[in-house]
Amino acid sequence: MSNSPSASVIELARSNVRELTPYQSARRLGGNGDVWLNANEYPLAPEFQLTAQTFNRYPECQPKAVIERYAAYAGVATDQVLVSRGADESIELLIRAFCEPGKDAVLYCPPTYGMYGVSAETFGIERRTVGTKENWQLDLQAIADNLANVKLVYVCSPNNPTGNLIDAADLRALLEMTQGKAIVAIDEAYIDFCPQASVVAWLQDFPHLAILRTLSKAFALAGLRCGFTLANPPLIELLLKVIAPYPLSTPVADIAAQALSDEGITVMRTRVKEIAETRAWLQEALQQCPCVEQVFGSDSNYLMARFTASSIVFKTLWDQGIILRDQNKQSGLAGCLRITIGTRQECQRVIDVLQVLPGAGESSSADDANPTRVKLSPSKEPM
Ligand SMILES: *Cc1c(COP(=O)(O)O)cnc(C)c1O
């Protein structure tokens, strides 16, 4: 086997990369859907025109207009903002700046976003997981007991996929417990849906706080690949040491600046209100479906629900072109599916299918014909 040329290439790879399970993005999972409710994207494309033409020149590393406008939007100084290729790049930059392979660990609290673990694994950094309590809040005592060698703690609030905010008092206690020992990265990818819950004002108290933001969710620009880190200047300067020389292409910077104009922010706020209304409608409608056990509250652009037979529900919707995100394999989330808030019509299509599925103990012709065989192919999802 090792004689074959491609086998030897594989043997040359770093062992942690050979063993790596890559992030199963919604796009990679494929499917023939026409209703995509699996990646927390906005269902409609905002329109932009390119204004920049200087494609012969390298772009600015940190485009001034983007930095200034995001700083104004977030209520911080311009030297407290770093822009990068999505919040995912920010997750990685923190590891590159702070964690040494074979020595340091990152800590996070499942069920949560899958990229913290994937990025750590890619860089050969130990992953220390401390499960949340049953209510999906931080288990502060268990975190305190597991901080040895931890250089970086990721907390997602509102949490993906559960949708809940993390208690502010717990976040503050975590920041106090880690002072001088580790960086705390609060992932606020969904904070534009509940801006009052941001911890951005705490930057003045905590030099080891980093806040992750993105244009992918409330700004409806997942395809742009643009995200931000908010932190105090010494931390930002460390990240600038390890970032690529030109992380944002000229068209990305151009469109990001437009999205962050006064008009762009007004459009985003209108979109947030519309999504909140559709979410309230969907939550109510889901609660009336016999196959739904529980719908969890959400401060974001998705809802998570527990179903009596989630794999049947997932497959039935999949077969009709409606793609959800299966959370069944995450710790504590047996039977749970995550549903992105689409258009009102898309959400109606979900409900039309779910309304006629049977609940627990009820029998249906579909169940009788197909008692336990319904197993779905897309699996191995870290998120
Ligand atoms: C979507 C998401 C991200 C990634 O954002 P990008 O800017 O698209 O890379 C980061 N964290 C969480 C929790 C997310 O859901």
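Residues numbered from 1 in each chain as written. Predicted model: local features only at pLDDT ≥ 70, side-chain atom pairs only at ≥ 80, totals over all residues. Heavy atoms only, no water.

Engineer: Outline helix H5 (residues 86–98), supporting the account with residue identities and numerical values.
Structural biologist: End to end, H5 covers 19 Å across 13 residues, agreeing with the expected 18 Å (1.5 Å per residue, within 8%). Buried within H5 are the following residues: Gly86, Ala87, Glu89, Ser90, Ile91, Leu93, Leu94, Ile95 and Phe98. (Helix = DSSP H or I, 4+ residues; strand = E, 2+ residues; numbered from the N terminus. Expected span 1.5 Å × (residues − 1). Buried < 20%, exposed > 50% of the residue type's maximum accessible area, 1.4 Å probe, protein only.)

Engineer: Describe the side chain of serine 90, with residues and values.
Structural biologist: Among the structural elements, serine 90 can be located in helix H5. Judged by relative accessible area, serine 90 falls into the buried class, the value being 0%. Leaving out residues up to four positions away in the same chain, serine 90 has contacts with Ser84, Leu212, Phe228 and Thr229. (Contact = heavy atoms within 4.5 Å.)

Engineer: Provide a residue-level description of the site of the ligand, including the pertinent values.
Structural biologist: Around the ligand, a shell composed of 13 residues is seen, among which Asp187, Tyr190, Thr214, Ser216 and Lys217 lie nearest. A distance of 2.9 Å separates an oxygen atom of the ligand from a polar side-chain atom of asparagine 160. Here an oxygen atom of the ligand sits 2.5 Å away from a polar atom, N or O, in the side chain of threonine 214. Protein contact buries 94% of the 390 Å² of open area that the ligand shows by itself. Per element, the largest residue contribution to the shell around the ligand is 3 residues, and it comes from H5. (Near = heavy atom within 4 Å. Polar contact = N/O pair within 3.5 Å; in protein donor to acceptor, adjacent residues only side chain to side chain. Areas by Shrake-Rupley, 256 points an atom, 1.4 Å probe, with all protein chains shown as cover.)

Engineer: Hey, could you go over the nonpolar core for me, with residue numbers and the actual values?
Structural biologist: The tendency in soluble globular proteins is for nonpolar side chains to be buried side by side. Residues Leu215 and Leu354 are the most contacted members of the largest nonpolar core, which totals 87 residues. Ranked by residues supplied to this core, first place goes to helix H11 (residues 262–287) with 7 residues. When residues no more than four places from it in sequence are discounted, the contact partners of leucine 215 are Tyr70, Ala220, Leu221, Ala222, Leu224, Cys226, Phe228, Ala256 and Leu260. Listed in part, the 28 residues of the second largest apolar core include Val106, Tyr116, Ile125 and Cys156. (Core = buried A, V, L, I, M, F, W, Y, C linked by side-chain atoms within 4.5 Å.)

Engineer: Account for the environment of cysteine 61, with residues named and values stated.
Structural biologist: Examined against the element boundaries, cysteine 61 turns out to sit in the loop between strand E1 (35–36) and helix H4 (64–74). Spatially, the C-alpha atom of cysteine 61 lies 24 Å from that of alanine 218, the residues being 157 residues apart in sequence. Contact partners of cysteine 61, with chain neighbours within four places excluded, come to Ile243, Ala244, Pro245 and Pro247.

Engineer: Please set out the packing of helix H12 (residues 310–319) against helix H13 (residues 344–354) residue by residue, giving values where relevant.
Structural biologist: Two elements in contact, H12 and H13, have axes separated by 10 Å at closest approach and are oriented at 125°. Accordingly, the angle class assigned to the pair H12 and H13 is oblique. H13 is crossed by H12, and the crossing has right-handed handedness. Across the interface between the two elements, Val313, Thr316 and Leu317 of H12 pack against Val350, Val353 and Leu354 of H13. Tallied by class, the residues present in the contact of H12 with H13 amount to 5 nonpolar, 1 polar and no charged. (Axes fitted to C-alpha atoms, helices over the stretch in contact; angles between N-to-C directions. Parallel < 35°, antiparallel > 145°, perpendicular 65-115°, else oblique. Left-handed = near helix turned anticlockwise from the far one by under 90°. Nonpolar A, V, L, I, M, F, W, Y, C, P; charged D, E, K, R; others polar.)

By themselves, these figures tell us nothing about what the structure is for.
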